[in-house]
Amino acid sequence: MRSITKRVAWMLLLLSALGACATITRDESLRVALYNYSAAVRWNEITQAAGFVDPLTRAEKPFTPELQERWAQVQVSRYLEGPSTVGPEGQFLQTVQIEIIDRSTQSVRTIVDHQVWRHDPEALTWWLQSGLPELD
């Protein structure tokens, strides 16, 4: 009888440890997605950044050659992450200030990007639901 109790206790301990690992994996994947996305935007690798956009959002607002050309006309000079929170449906909400320089006029301006990230449990990744920031 004690042997069965020990086995059950070990199984419960193992299951709780696996549950903790799943949470760490999800949080870690968010951290990695945010880092890689911000690096792509900072280095003007906007095609790479567009790969983080949620496929549903991409279908509604595709990354067109015109949009790609518009991004080629600016240089990102600063990417400042601001406040973040968890939304009602488990989304990650973050506000980012992006300072851009227009290459032709050398004028500097700041745009505010309100990002909404959602976790996709099937793909085990985070998608940017809000899409790429608007330049105009």
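Not measured: the values here are computed from a predicted model. Starting afresh in each chain, residues are numbered from 1 along the sequence in its written order. Local features in this predicted model are restricted to residues of pLDDT 70 or higher, and side-chain atom pairs are both shown and tallied only at a pLDDT of 80 or more, whereas totals for entire chains, interfaces and linings draw on every residue. Think of the side-chain values as coming from all heavy atoms in the structure, minus any hydrogens and water.

1. With respect to the pairing of strand β4 (residues 125-128)
- As paired strands, strand β3 (residues 108-120) and β4 are joined by four bridges and run antiparallel to one another. Each residue of the ladder has a partner; that of His119, found in β4, is Trp126.
- Between any two strands, at least two bridges found by DSSP are needed for them to pair. What counts as a helix is a DSSP run of H or I of at least four residues, what counts as a strand is a run of E of at least two, and both are numbered from the N terminus. What sits between β3 and β4 in their antiparallel hairpin is a turn of four residues, with Leu124 showing a positive phi close to 55°.

2. A look at the confidence of the model for the protein
- When pLDDT is averaged along the protein, the result is 87; 82% of the residues meet or exceed 70.
- Mean pLDDT across the elements of the protein ranges from a minimum in helix α1 (residues 2-42), with 71, to a maximum in strand β2 (residues 92-102), with 97. In predicted models, pLDDT denotes the confidence assigned by the predictor to each residue on a 0 to 100 scale.

3. Some words on the pattern of salt bridges
- Whenever a carboxyl oxygen of Asp or Glu lies within 4 Å of a side-chain nitrogen of Lys or Arg, that contact is scored as a salt bridge. Tallying each qualifying case throughout the model produces two salt bridges.
- Of the charged contacts in the structure, one is a salt bridge between Asp54 and Arg118, with a shortest N-O distance of 2.5 Å. Here the residue Asp54 occupies a position in the loop between α2 (46-50) and α3 (55-60), and Arg118 occupies one in strand β3, the gap between them amounting to 64 residues.

4. Observations regarding the nonpolar core
- Within the largest apolar cluster, 25 residues are counted, with the highest numbers of intra-cluster contacts made by Tyr37, Val41, Ala49, Ile98, Trp117 and Leu132.
- Looking at this core, the elements with two or more residues in it are α1, α2, β1 (74-86), β2, β3 and β4.
- By residue number, the principal contributor to this core is α1, which donates six residues.
- For this analysis, residues touch if any pair of their heavy atoms sits within 4.5 Å. The residues touching Trp117, leaving out its near neighbours within four places in the chain, are Ala33, Leu34, Tyr37, Phe52, Gln91, Phe92, Trp126, Trp127, Leu128 and Gln129. We call a set of buried residues a nonpolar core when its members are Ala, Val, Leu, Ile, Met, Phe, Trp, Tyr or Cys and they connect through side-chain atoms within 4.5 Å of each other. Burial here depends on accessible area, computed with a 1.4 Å probe over protein chains only, as a share of the maximum for the residue type. Under 20% is buried, over 50% is exposed, and the range in between is partly exposed.

5. Observations concerning the layout of surface pockets
- With a 1 Å grid spanning the protein atoms alone, the term cavity applies to any set of points in which a 1.4 Å probe fits but cannot get out, the term pocket to an open set with protein on both sides within 12 Å along at least five of seven lines, and the term lining residue to any residue with an atom within 4 Å of a point. Grid points are joined across faces, edges and corners, and a volume is the space filled by probe spheres set on the points. When its volume is computed, the largest pocket comes out at roughly 240 Å³.
- If you trace the largest pocket, you find 16 residues lining it, with Lys61, Pro62, Leu67, Leu132 and Glu134 closest to the centre.
- Elements represented by at least two residues in the lining of the largest pocket include exactly α3 and α4 (65-72).
- Top contributing element to the lining of the largest pocket by residue count: α4, with three residues.
- Class assignment for the residues of the lining of the largest pocket results in nine nonpolar, two polar and five charged. Lys, Arg, Asp and Glu make up the charged group, whereas Ala, Val, Leu, Ile, Met, Phe, Trp, Tyr, Cys and Pro make up the nonpolar group; the residues left over, Gly among them, are polar.

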